[in-house]
Amino acid sequence: MAQETTSKMFRSLTYRSGHVYNFVNQLLYDWKKKFMILGKLVGKSEIPGSTLKLLDLSCGTGFLARFLDPSVDYEGWDLNEAFLNKLKLDWEKGRLKPKKLKVRVKNIFDYDDYPKEKKDVIVFSGILHHVYPKHIELVEHAKHYAKRIIICEPYAIKPKDINAHDWTARLFIFLTKFLPERIYKQLDIFLADNDGINSYDSRSAWPYDKKGLRELYISLDIKKRYSLVDELIGIWEET
Ligand SMILES: C[S@@+](CC[C@H](N)C(=O)[O-])C[C@H]1O[C@@H](n2cnc3c(N)ncnc32)[C@H](O)[C@@H]1O
């Protein structure tokens, strides 16, 4: 694995362990369904014996790789080493489908390190709201490095807007609706979406509701869009 400086900022409990991250997300969202759909949209290589080259930016625990075709040549970048360790463990245990897999501890804004050879697909799953307001610059840059870009972003990031999947998460979300902003901020920092890389203030400024996210995708020249419960998938294709 390539060496890279990892973030030394404080991370929430959810972002300290890949096991916890996967568990929490499966309570909050219909995660398997979402990644099954993303896996289908990524597709497979049409040429027998060849691979479909995929770059997953930022890959997190690489849950997507459980739902990919074996012909996918998977590369994932993330700054969270604990997540990448979970991804590698899942690979060793045979939980991930691709035959070829590479992960790098890497900042997705290290534009100089983007692959020289164009990827078939770049995936951004749940990352744009973390890097707000640099999300548009990131996608526009990635367009030079892939034939297709698949984005999946939530339009609900505040508890009051999330339709939690599991009843325990629904109860927790319901209770957080009554919390003042400053307490909610503490919850985010210690328990929830604090990745230790991007600040609460920039993440929580994500301004897109369902309509706004659709407009953002249109402005990025994304022609195909699919709605999930709390998220919107968009596919940009090179012309
Ligand atoms: C919400 S998670 C999404 C992970 C994964 N794509 C998924 O769908 O589960 C956001 C991820 O972005 C990573 N991240 C945030 N900023 C990053 C950056 N500048 N470079 C690399 N990874 C970053 C975090 O470590 C975290 O794993």
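Up top you'll find the structure we're talking about.
If you're wondering where the values come from, they're calculated on a predicted model, not measured in any experiment.

(A) Up close: the overall build of the protein. Broken down by element type, the protein carries 8 helices and 7 strands. If you take every contact in the protein between residues at least 6 apart in sequence, the share linking residues at least 24 apart comes to 71%.

(B) The packing of aromatic side chains, seen in detail. Summed over all chains, the structure comprises 15 aromatic pairs. Plain terms: the ring middles of Trp77 and Tyr114 are 5.3 Å apart, the flat faces sit at 80° to each other, and that makes the pair edge-to-face. Within this pair, whereas Trp77 is found in strand β2 (residues 72–78), its partner Tyr114 is found in the loop between β3 (100–105) and β4 (119–125), the two being separated by 37 residues in sequence. Across the pair, exposure class does not vary: Trp77 and Tyr114 are buried alike. Across the ring face of Trp77, the terminal group of Lys106 is positioned such that the distance to the ring centre comes to 6.0 Å.

(C) Looking closely at the site of the ligand. Neighbouring the ligand are 22 residues; Tyr21, Ser58, Asp78, Asn107 and Ser125 lie closest to it. The contact in question runs from a nitrogen atom of the ligand to an N or O atom on the backbone of Leu79, over 3.4 Å. Separating an oxygen atom of the ligand from a side-chain N or O atom of Ser125 is a distance of 2.6 Å. Its free accessible area being 600 Å², the ligand has 96% of it covered by the protein chains.

(D) Focus on the sheet that holds β4. Judged by pairing direction, the sheet is mixed, and its 7 strands sit side by side in the order β3-β2-β1-β4-β5-β7-β6 without closing on themselves. A single partner strand is all that each edge strand has here, and the edge strands are β3 and β6 (224–227). Averaged over neighbouring strand pairs, the angle between their axes works out to 15° when direction is ignored. Across 6 bridges, β2 lies against β3 in parallel orientation. From the neighbouring strand, Glu75 faces β3, where its bridge partner is Lys102. The sheet strands contacting helix α2 (residues 31–42) are β1 (52–57), β2, β4, β5 (146–154), β6 and β7 (231–237), and the helix crosses β5 at an angle near 165°.

(E) How the structure looks around the nonpolar core. Formed by 33 residues in total, the largest nonpolar core has its most connected members in Val42, Leu54, Leu68 and Ile150. Apart from the residues within four sequence positions on either side, Ile150 is in contact with Leu38, Leu41, Val42, Val121, Ile122, Val123, Phe124, Ile233, Gly234 and Ile235. Counting 28 residues, the second-largest nonpolar core is a separate cluster that includes Phe124, Val131, Leu138 and Leu216.

(F) Quick peek at the side chain of Arg66. Residue placement: Arg66 occurs in the loop between β1 and β2. Given a relative accessible area of 19%, Arg66 falls into the buried group. A polar atom in the side chain of Arg66 sits 3.0 Å from the side chain of Asp90. Arg66 has contacts with Asn22, Lys86, Asp90, Arg95, Leu96 and Lys97, leaving out every residue within four places of it along the chain.

(G) Representation of the environment of Lys118. Along the chain, Lys118 turns up in the loop between β3 and β4. Assessed through its relative accessible area of 34%, Lys118 is described here as partly exposed. Between the alpha carbons of Lys118 and Lys143 there is a distance of 9.6 Å; along the sequence they are 25 residues apart. In contact with Lys118, other than residues within four places in its own chain, are His144, Tyr145, Ala146, Lys147 and Glu238. Among the polar contacts made by the side chain of Lys118, one reaches the side chain of Glu238 at a distance of 2.5 Å.

(H) Structural view of the pattern of salt bridges. If you walk through the whole model with that rule in mind, you get 15 salt bridges. As a salt-bridge pair, Arg66 and Asp90 come within 3.0 Å of each other at their nearest N and O atoms. With Arg66 in the loop between β1 and β2 and Asp90 in helix α3 (residues 81–92), this residue pair connects regions lying 24 residues apart in the sequence. Among the ionic pairs, Lys211 bridges to Glu215, the shortest N-O distance being 3.3 Å. Residue Lys211 and its partner Glu215 are both found in helix α8 (residues 210–219); the two are separated by 4 residues, about one turn of the helix.

(I) Up close: the pairing of β1. The buried fraction of β1 amounts to 5 of the 6 residues, a majority that puts the element mostly inside the structure. In this structure, β1 lies alongside β2, joined through 6 bridges in parallel fashion. In the strand pairing of β2, Asp56 is matched with Gly76. Pairing between β1 and β4: 3 bridges, direction parallel. Note that in β4 the partner of Leu55 across the bridge is Ile122.

Definitions and cut-offs
- Residues numbered from 1 in each chain as written.
- Predicted model: local features only at pLDDT ≥ 70, side-chain atom pairs only at ≥ 80, totals over all residues.
- Heavy atoms only, no water.
- Helix = DSSP H or I, 4+ residues; strand = E, 2+ residues; numbered from the N terminus.
- Contact = heavy atoms within 4.5 Å.
- Phe/Tyr/Trp six-rings, centres within 6.5 Å; stacked < 30°, edge-to-face > 60°.
- Buried < 20%, exposed > 50% of the residue type's maximum accessible area, 1.4 Å probe, protein only.
- Lys NZ or Arg CZ within 6 Å of the ring centre and 35° of its normal.
- Near = heavy atom within 4 Å.
- Polar contact = N/O pair within 3.5 Å; in protein donor to acceptor, adjacent residues only side chain to side chain.
- Areas by Shrake-Rupley, 256 points an atom, 1.4 Å probe, with all protein chains shown as cover.
- Pairing = 2+ DSSP bridges.
- Axes fitted to C-alpha atoms, helices over the stretch in contact; angles between N-to-C directions.
- Core = buried A, V, L, I, M, F, W, Y, C linked by side-chain atoms within 4.5 Å.
- Salt bridge = Lys/Arg side-chain N within 4 Å of Asp/Glu carboxyl O.

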